[in-house]
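Chain by chain, the residues:
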Amino acid sequence: MADVLMFHHALGPNAGLTAFADELRAAGHTVHTPDLFEGRTFETIEDGVGYARETGWGEILGRGERAAEALPNDLVYAGFSLGVLPAQMLAQTRAGAKGALFFYSCVPASEFGEWPAGLPAQIHGADADPIFMDEGDVDAARELVEQEEHVELFLYPGDQHYFADSSLPSYDAAPTKLLTERVLEFLARVG
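Here is a short report on the structure shown in this document. Predicted, not measured: the structure shown is a model, and the values here were computed from it. Sequence positions are assigned chain by chain, starting from 1 and proceeding in written order. With the structure being a predicted model, the display of local features is reserved for residues of pLDDT at least 70 and the display and counting of side-chain atom pairs for 80 or more, all residues being used for whole-chain, interface and lining totals. Remark: hydrogens and water are excluded; side-chain values derive from all non-hydrogen atoms of the structure.

**Things to note about the sheet that holds strand 2 (residues 30–32)**
The following threshold applies: Note: two strands are recorded as paired if DSSP finds a minimum of 2 bridges between them. Secondary structure elements are defined from DSSP: runs of H or I of at least 4 residues count as helices, runs of E of at least 2 residues count as strands, and each element is numbered from the N terminus. For helices, the axis comes from a line fit to the C-alpha atoms of the stretch in contact; other axes are also lines fit to C-alpha atoms, and the angle between any two N-to-C directions lies between 0 and 180 degrees. Every residue pair with non-hydrogen atoms within 4.5 Å of one another is taken to be in contact.
Taken in spatial order, the six strands make up an open sheet running 2-1-3-4-5-6, and their pairing is parallel. The open sheet is flanked by strand 2 and strand 6 (151–156), the only strands paired with a single partner. Averaged over all pairs of adjacent strands, the angle between their axes in this sheet comes to 15 degrees, without regard to strand direction. Here four bridges tie strand 1 (residues 3–7) to strand 3 (residues 76–80), and the two strands are oriented parallel to one another. Pairing of Leu5 across the sheet is with Tyr77, part of strand 3. Its contacts with the sheet put helix 1 (residues 15–26) on strand 1, strand 2, strand 3 and strand 4 (99–103), and the angle it makes with strand 1 is roughly 170 degrees.

Okay, here's the thing in structure tokens:
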């Protein structure tokens with residue numbers, strides 16, 4: 001079974017993230033869900049990103065690093081949207097990573113140095129999500145897939161950014177079911 005460090009999106013830790021983590025736990029995985037926002041939650045992506053900017057991206061990444069310090073090195077790093085930043089940084093810079101799961105976002109690997117040789121990853125996004133498709137995320141994902149044999153990109157029909165968050169109106173059950181199946185298969189393989 002895998003040990004997963006999962007970072008929340010710009011709305012902060014919410015019931016949808018907890019439900020997803022609980023689904024992974026029910027399959028036998030250990031899932032850690034630290035709070036990068038120190039108890040704050042937001043109603044909009046813009047407000048959450050604004051808080052992260054005000055706090056400082058260095059501090060948000062530092063909170064991610066501190067969350068990992070007490071955990072073993074052989075983690076799967078997972079992030080939802082804004083949470084991809086600390087997840088991807090740790091997957092690329094902390095020795096011993098077992099895998100990476102990026103939901104709704106991806107940044108160029110060059111942001112954090114080289115992609116570790118052989119590190120498996122999955123990147124999940126909606127094929128008409130204006131954030132994922134138009135702000136460079138899908139381009140970074142495609143570049144990573146092209147360069148790395150063990151990295152996969154999965155696109156799902158829809159235009160919602162947080163389509164797999166069951167606590168939000170943007171939730172779409174059909175693609176989320178497939179996403180969850182793929183994630184559980186990935187965790188079984190790398191765990």
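**A look at the pairing of strand 3**
What counts is decided by this rule: Partly exposed residues are those whose accessible area sits between 20% and 50% of the maximum for their type, while under 20% is buried and over 50% is exposed, using a 1.4 Å probe and protein chains only. With the strands aimed away from the viewer, a crossover counts as right-handed if its path from the first strand over the helix to the second runs clockwise.
In terms of burial, strand 3 is a largely internal element, five of the five residues being buried. Of the two faces of strand 3, the one carrying Val76, Ala78 and Phe80 and the one carrying Tyr77 and Gly79 are both buried. Relative to strand 4, strand 3 runs parallel, the two sharing five bridges. Bridge pairing links Ala78 to Leu101 in strand 4. You can see the chain leave strand 3, run along helix 4 (residues 84–93) and come back into strand 4, and the turn it takes is right-handed.

**Focus on the pattern of salt bridges**
It is possible for side chains of opposite charge to pair when their charged atoms get near one another. Our working definition: A side-chain nitrogen of Lys or Arg and a carboxyl oxygen of Asp or Glu constitute a salt bridge if their distance falls within 4 Å.
Inspection of the entire model under this criterion finds seven salt bridges. Residues Glu38 and Arg63 are paired through a salt bridge, measuring 3.2 Å at the closest nitrogen-oxygen approach. In this pair, Glu38 is assigned in the loop between strand 2 and helix 2 (45–55) and Arg63 in helix 3 (residues 57–69), connecting sequence segments 25 residues apart. For Arg189, the salt bridge is made with Glu185, and the minimal N-O distance between the two is 2.7 Å. Of this pair, Arg189 and Glu185 both sit in helix 7 (residues 173–190), four residues apart, roughly one helical turn. In this structure Arg189 comes out as partly exposed when scored by relative accessible area, which is 45%. Here the salt bridges share partners, and the residues they tie into one network are Glu38, Glu59, Arg63 and Arg66.

**What about helix 7?**
The cut-off we apply is this: Multiplying 1.5 Å by the residue count of a helix minus one yields the expected span of that helix. Working note: the arc is built from the helix axis to C-beta atom directions.
Spanning 18 residues, helix 7 covers 26 Å between terminal C-alpha atoms, matching the ideal 26 Å at 1.5 Å per step. When we look at burial in helix 7, the residues that qualify are Pro175, Thr176, Leu179, Thr180, Val183, Phe186, Leu187 and Val190. The arc enclosing the buried residues of helix 7, seen along the axis, measures out at 135 degrees, which places them on a common side. Away from the buried face of helix 7 by more than 90 degrees, exposed residues Ala174, Lys177 and Ala188 are located. Buried positions along helix 7 lie against strand 1, helix 1, strand 3, strand 4, strand 5 (121–126) and strand 6.

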